[in-house]
Amino acid sequence: MQPRPAPVPIGADQAVQATAVKPVMPPKEEIAAAVHAHKEEIAAALLDDTSLKPLPESVVLTVKNTVPILRKHGTVVISRFYAMLFERHPEMRVHFTMDRQARGAAGAAGVPAQVAALSRAMLMYAAHVDDVAALLPSLKVFSTKHVSRGVRRAQYTHVICCLLDALKDVLGDRATPKVMSAWREAFARLGTLARIVEDDIRKKAAARAGYDGFIDMTVVEVHHDCDGVEIVMRPPEGVRPDADAGMFLAIALKNVPNMGRTMLTANILRAPRGVLRLRIPRNGERANEFLIDNVRVEMALRIGMPVGEPKSEVYHY
Ligand code: HEM
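Nothing here was measured: the structure is a model prediction, and the numbers come from that model. (Residues numbered from 1 in each chain as written. Predicted model: local features only at pLDDT ≥ 70, side-chain atom pairs only at ≥ 80, totals over all residues.)

Visitor: Would you mind going over the overall build of the protein chain in detail, with residue names and values included?
Guide: Helix and strand counts for the protein chain stand at 10 helices and 6 strands. Classification of the 317 residues of the protein chain by burial places 32% in the buried group. (Helix = DSSP H or I, 4+ residues; strand = E, 2+ residues; numbered from the N terminus. Buried ≥ 20, exposed ≤ 12 C-beta atoms within 10 Å, placed from the backbone.)

Next comes the structure, spelled out in structure tokens:
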């Protein structure tokens, strides 16, 4: 058990300020605004789902009031969250690129990439908790990543419990029953939003890929260069995945030294005649380095579904 961090003292200067809240919109109207703003099929899936309930105005106000604290201490909350998650549920590590826990993202000095990404998402959610139209772009990005990594519904409970406990630890005296119950409701609604968006993304990804989740494919070509490797993957008989350049997928690996099972993200360069041409960049992450150094023709690799937006320029990271 790791020692609990001392609660962050919150002085008068950081006292939460009441933020203006618009009247709670019925979900149909809130989501219709998202459909209008994004003209997206995903927003249409949200509109069709009847399980999405509006948040009470008091919850919206209480969550928005924590925005100044999250702006200041969000990365502390999220660092605490990840420590709790991996201590309580070590089996969940396999979905994550664990090296992104340690390494900073460009432009976020000293803050690990995963901590920076999740604390930005949490702040965004707090500030726009009653505005699906504003949340949709961020929701779509992380839901796409979740689908690629095979995140399951049941895992949301673990994540939300750890987020709430981390928030409570860091807020200290400010974690009143009212604040905690508002965040519990807000996270539950975020879980519902993510379920609807992820189901939509997963269904469409599976239809295009011709498989759902992960399948074994065979390496048929390997081309090394200075920055990484390009590989061509042949799917099993009868599967002809369709994908565009710029989409991405996850590769699940076993037996990576000092890591065991883990995942990495590969870029899709092309998908000609049902084979997938992928690029794995050398980016200093152990999973990438291991695969680049060890991939061989005829090897079987566990490949996730292609997801994401096609791009004319392939995104290397
Ligand atoms: C309240 C719920 C959640 C929120 C707000 C959330 C948010 C995020 C965000 C913002 C990212 C970064 C996306 C990017 O920029 O690439 C992300 C990535 C990810 N999330 Fe979640 N997530 C949630 C729940 C979960 C759950 C339940 C899992 C279960 C395993 C999970 C696993 C992952 C993984 C594996 C990644 C990719 C990380 C990497 O690159 O290694 N998340 N999530």
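Visitor: Which residues make up the site of the ligand, and what values go with them?
Guide: Neighbouring residues of the ligand: 21 residues in total, closest His95, Thr97, Ala121, Phe142 and Val159. Taken together, the elements giving at least two residues each to the shell around the ligand come down to α6 (113-127), α7 (132-148), α8 (153-171) and α9 (177-209). Of the residues that constitute the shell around the ligand, the class distribution is 13 nonpolar, 5 polar and 3 charged. (Near = placed C-beta within 6 Å. Nonpolar A, V, L, I, M, F, W, Y, C, P; charged D, E, K, R; others polar.)

Visitor: Explain the packing of α6 against α7 to me, and be specific about the residues and the numbers.
Guide: Interhelical geometry of α6 versus α7 gives an angle of 145 degrees and a closest axis separation of 10 Å. α6 and α7 meet at a crossing whose hand is left-handed. Contacts between α6 and α7 pair Ala121, Met124 and Tyr125 from the former with Leu135, Ser138 and Phe142 from the latter. (Axes fitted to C-alpha atoms, helices over the stretch in contact; angles between N-to-C directions. Left-handed = near helix turned anticlockwise from the far one by under 90°. Contact = placed C-beta atoms within 7 Å.)

Visitor: Describe the confidence of the model for the protein chain, with residues and values.
Guide: Averaged over all residues, the pLDDT of the protein chain is 87; the fraction at 70 or higher stands at 86%. Model confidence for the protein chain, summarised as mean pLDDT per element, is weakest for helix α1 (residues 27-38) at 70 and strongest for strand β6 (residues 300-303) at 98. The model gives residues 8-19 a pLDDT under 50, and that stretch makes 19 contacts with residues more than four places away or in other chains. (pLDDT = per-residue confidence, 0-100.)

Visitor: Any details on the nonpolar core? Residues and values, ideally.
Guide: Val63, Ala186, Leu249, Ile251, Leu264, Ile268 and Val307 are the most contacted members of the largest nonpolar core, which totals 67 residues. In terms of residue count, α9 provides more of this core than any other element does, 11 residues in total. Composition of this core by domain shows at least three residues from each of domain 1 (12-208) and domain 2 (210-304). Excluding residues within four positions of it along the chain, Ala186 makes contact with Leu55, Val59, Val63 and Val129. (Core = buried A, V, L, I, M, F, W, Y, C linked by C-beta atoms within 7 Å. Domains from an automatic or database assignment.)

Visitor: Let's hear about the sheet that holds β6: which residues, and what values?
Guide: Spatially, the 6 strands close up into a barrel ordered β1-β2-β5-β4-β3-β6, and their pairing is antiparallel. Averaged over all neighbouring strand pairs, the angle between strand axes comes to 45 degrees, with direction disregarded. Relative to strand β4 (residues 260-270), strand β3 (residues 248-256) is paired through 7 bridges, and the arrangement is antiparallel. Bridge pairing in β4 links Ile251 to Leu264. Docked against the sheet, helix α10 (residues 286-294) engages β2 (228-234), β3, β4 and β5 (276-281), running at close to 80 degrees with respect to β3. (Pairing = 2+ DSSP bridges.)

Visitor: Break down helix α4 (residues 67-88) for me, with residues and values.
Guide: For α4, spanning 22 residues, the distance from its first C-alpha to its last is only 27 Å, which falls clearly below the expected 32 Å at 1.5 Å a residue. Of all the bends in α4, the largest measures some 75 degrees and sits at His73. Listed as buried for α4 are Ile69, Leu70, His73, Gly74, Thr75, Val77, Ile78, Ser79, Arg80, Phe81 and Leu85. On its buried side, α4 packs onto α6 and α8. (Expected span 1.5 Å × (residues − 1). Bend = angle between axes of the 7 residues up to and from the residue.)

Visitor: Which residues make up the environment of Lys145, and what values do they have?
Guide: Structurally, the position occupied by Lys145 is in helix α7. Taking the C-alpha atoms as reference points, Lys145 and Ala250, separated by 105 residues in sequence, lie 8.9 Å from one another.

Visitor: Give a description of the packing of helix α2 (residues 41-48) against α9 that names residues and reports values.
Guide: A pair of packed helices is captured by two measures, namely the crossing angle of their axes and the spacing between those axes. Viewed as axis vectors pointing N to C, α2 and α9 meet at an angle of 125 degrees, and their least axial separation amounts to 9 Å. Between α2 and α9, the angle is such that the two are oblique. Read as a crossing pair, α2 and α9 show a hand that is right-handed. Contact with α2, carried on its side by Ile42, Ala45 and Leu46, involves Ile196, Val197 and Asp200 of α9 and no other residues of that element. Split by residue class, the contact of α2 with α9 holds 5 nonpolar, no polar and 1 charged. (Parallel < 35°, antiparallel > 145°, perpendicular 65-115°, else oblique.)

Visitor: Tell me what's going on with the environment of Ala205, and back it up with residues and numbers.
Guide: Locating Ala205 in the fold gives a position in helix α9. For Ala205 and Val147, which are 58 residues apart along the polypeptide, the C-alpha to C-alpha distance reads 8.7 Å. Contact partners of Ala205, with chain neighbours within four places excluded, come to Val147, Met305, Pro306 and Val307.

Visitor: Account for the pairing of strand β1 (residues 215-225), with residues named and values stated.
Guide: Two strands pair when backbone bridges link them, and β1 and β6 are joined in this way by 4 bridges, in the antiparallel orientation. Each bridged residue has a counterpart across the sheet, and for Asp216 the counterpart in β6 is Arg302. Inspection of the sheet shows β1 paired to β2 by 7 bridges, in the antiparallel sense. Paired with Val219 across the strands is Met233, a residue of β2. Counting the residues in the hairpin turn of β1 and β2 gives 2 residues.

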